[in-house]
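Structural overview
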Amino acid sequence: MESSLRDRALWQPNRQASHRTELIVRLILGLFSFVSVATTIGIVFTLIFETIDFFRIIPVWRFFTETRWTPLFASAQFGIIVLISATVLTTGIAILVALPLGLLSAVCLSEYATPKVRQVLKPALEVLAGVPTVVYGYFALLFVTPLLQKIIPGLQGFNALSAGIVLGVAITPLIASLSEDAIYAVPHSLRDGSYALGATKRETIISVVLPAALSGIVASVILAVSRAIGETMIVAIAAGQNATLGLNPFVSAMTMTAYIVQVSLGDTPAGSIAYRTLFAVGTTLFVMTLVLNVFSFWFVRRFQEKYD
C-alpha cells in the first residue's frame, strides 16, 4: 500500500509548483507589456503637452496656412505645409519605386520560384532591410545623384528625386516580404480551380491570387508608406535642408524628419519657440502615421479573406 502511494506521488505533477511558475511567468510578461504601453503613453503625452505650449504662442491657423517655414529666422514663419509637401514628395517617389519592385518580387518568389530558389532569394532580398539608412543616404548623395545629373541637366546636388529613389529601394524588402507572405498564404485550391476552368498562370495570378491577397498587400504598402514618412537619414543627407513649398523633385527639399535632425543637432535652448517646433512637427508626423495605421487596420479587417 505504501509502495503504491509512493509510486502515485512520483508520477503525479506538483500542481502548486506549476501554478506558482505560471503566475511568475504571467507577472513577468505583464510587466513587459506594461513597460511598452507606459512608454507609448509617455511619448504621446510629451508630444501633446509640448505641442499645446507651442500653439499657445503660435496660433493654429498660422501653423496650417502660412507658406514658408523659417522658425529659426528673425522673421519667423511656421507653415508646416512646406515640410509636409516635401515629405509627401519623397514618399510618393519612394512608393513609385518600391511598389512595382516589391510586388513583382513577391509574385516571382511565390508563384514562379522553386522552393530552393525561394529559400535563397527571400533572405537575400531581406538583407536590404538591414543596411543602415546612413549608408543609403550617402549612396544616394554620392552615386545616384551624380548618375542622375548625367541624365537630367540642372539637377541640384541635393534633391528629392535621388532621395526618393533610394528610399524606395530601402522599403522594397518590406513590401516584397509581407506581400509574398500574403500571396503564399492563398490556398492552392483557388489556383487549381482557376486552372481547371482553363485560365493560364498569368490570368490566375492577376484574377485570382492577387485579389485574394489584396488585404495583405495593401497592409504591406501602407506599412511601407509609414516607414518612408518616418525615414530620417536618407532624406536628411540626400534631399538637403532647403524648406521650399512645392513638388519639384529636382531641387533641394526639407522633410519633417530632416527638420527634426537639423534642430536637434544645433544649440537650440530648451523652452524656446524653436525647441517647441520639434514637438509640433513630431506630433504632425505622429498623427499622419497613426491615420495610415488605423486605415490599414480597418482595410485588413474589412477586406480580409478567410478560407477553411
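Placed above this text is the structure.
Everything numeric in this text was worked out from a predicted model, so none of it was measured. (Residues numbered from 1 in each chain as written. Predicted model: local features only at pLDDT ≥ 70, side-chain atom pairs only at ≥ 80, totals over all residues. Heavy atoms only, no water.)

So, about the nonpolar core. Phe-63, Trp-69, Ile-80, Leu-83, Ile-171, Tyr-259 and Val-281 are the most contacted members of the largest nonpolar core, which totals 50 residues. Elements with a contribution of two residues or more to this core: helix 2 (15-57), helix 4 (80-112), helix 6 (133-151), helix 7 (160-184), helix 10 (214-229), helix 11 (233-238), helix 12 (256-264) and helix 13 (273-303). It is helix 4 that provides the largest number of residues to this core, a total of 10 residues. Beyond its immediate sequence surroundings of up to four residues, Tyr-259 is in contact with Trp-69, Pro-71, Leu-72, Leu-83, Met-254, Ala-274, Thr-277 and Val-281. With 10 residues, the next largest nonpolar core counts Ile-183, Val-186, Val-209 and Ala-213 among its residues. (Core = buried A, V, L, I, M, F, W, Y, C linked by side-chain atoms within 4.5 Å. Buried < 20%, exposed > 50% of the residue type's maximum accessible area, 1.4 Å probe, protein only. Helix = DSSP H or I, 4+ residues; strand = E, 2+ residues; numbered from the N terminus. Contact = heavy atoms within 4.5 Å.)

Turning our eyes to something else, we now look at empty space enclosed by the protein. A complete count under the given rule lists one cavity of 30 Å³ or more for this structure. Quantified by volume, the largest cavity comes out at close to 30 Å³. Those elements that provide at least two residues to the lining of the largest cavity are helix 4 and helix 10. A per-class count over the lining of the largest cavity returns four nonpolar, four polar and one charged. (1 Å grid on protein atoms, 1.4 Å probe; cavity = no way out; pocket = protein on both sides within 12 Å on 5 of 7 lines; lining within 4 Å. Points joined across faces, edges and corners; volume = space filled by probe spheres on them. Nonpolar A, V, L, I, M, F, W, Y, C, P; charged D, E, K, R; others polar.)

Bringing a nonpolar patch on the surface into the picture now. Nonpolar side chains collect at one region of the surface, where Val-37, Ile-41, Phe-45, Ile-48, Phe-49 and Ile-52 lie side by side and expose about 530 Å² of accessible area between them. Mapped onto the secondary structure, Val-37 falls in helix 2. (Patch = residues over 30% accessible without salt bridge, like charges linked within 9 Å, V, L, I, M, F, W, Y side chains within 5 Å. Areas by Shrake-Rupley, 256 points an atom, 1.4 Å probe, with all protein chains shown as cover. Salt bridge = Lys/Arg side-chain N within 4 Å of Asp/Glu carboxyl O.)

This part is about the environment of Leu-141. Summarising the element assignment, Leu-141 is placed in helix 6. Once the C-alpha coordinates of Leu-141 and Ile-237 are considered, the two residues, 96 residues apart in sequence, prove to be 7.0 Å apart.

In this model, helix 6 (19 residues) spans 25 Å end to end at C-alpha, consistent with the 27 Å of a helix rising 1.5 Å per residue. Those residues of helix 6 that sit buried are Tyr-136, Gly-137, Ala-140, Leu-141, Val-144, Thr-145 and Leu-148. Against the buried residues of helix 6 lie helix 7 and helix 11. (Expected span 1.5 Å × (residues − 1).)

As enumerated under the stated definition, the model contains 14 aromatic pairs in all. Taking 5.1 Å as the distance between ring centres and 85° as the angle between the ring planes, the aromatic pair formed by Phe-63 and Phe-64 counts as edge-to-face. Each ring, one from Phe-295 and one from Phe-299, has its centre 6.0 Å from the other, and the planes form 45°; the classification is tilted. Pair noted here: Phe-295 and Phe-299 are both in helix 13, with a separation of four residues, about one helical turn. Exposure remark for Phe-295: the relative accessible area of 39% places this residue in the partly exposed category. The buried category is assigned to Phe-299, whose relative accessible area is 13%. Lying over the aromatic face of Tyr-184, Arg-118 brings its terminal NZ or CZ to 4.1 Å of the ring centre. (Phe/Tyr/Trp six-rings, centres within 6.5 Å; stacked < 30°, edge-to-face > 60°. Lys NZ or Arg CZ within 6 Å of the ring centre and 35° of its normal.)

Glancing now at the layout of surface pockets. In this structure, the largest pocket spans a volume of roughly 180 Å³. Trp-69, Thr-70, Phe-73, Ala-243 and Met-254 are, among the 15 residues lining the largest pocket, the residues nearest its centre. Split by residue class, the lining of the largest pocket holds nine nonpolar, five polar and one charged.

Following both chains from N to C, one finds helix 4 and helix 7 inclined at 35°, their axes separated by 5 Å at the closest point. Of the two possible hands of crossing, helix 4 and helix 7 adopt the one that is right-handed. Across the contact of helix 4 with helix 7, the residue classes break down as 22 nonpolar, eight polar and two charged. (Axes fitted to C-alpha atoms, helices over the stretch in contact; angles between N-to-C directions. Left-handed = near helix turned anticlockwise from the far one by under 90°.)

The subject of this paragraph is the side chain of Arg-276. Mapped onto the elements, Arg-276 comes out in helix 13. With residues up to four places along the chain from it excluded, the contact list for Arg-276 reads Glu-50, Asp-53, Phe-54, Ile-57 and Gly-271.

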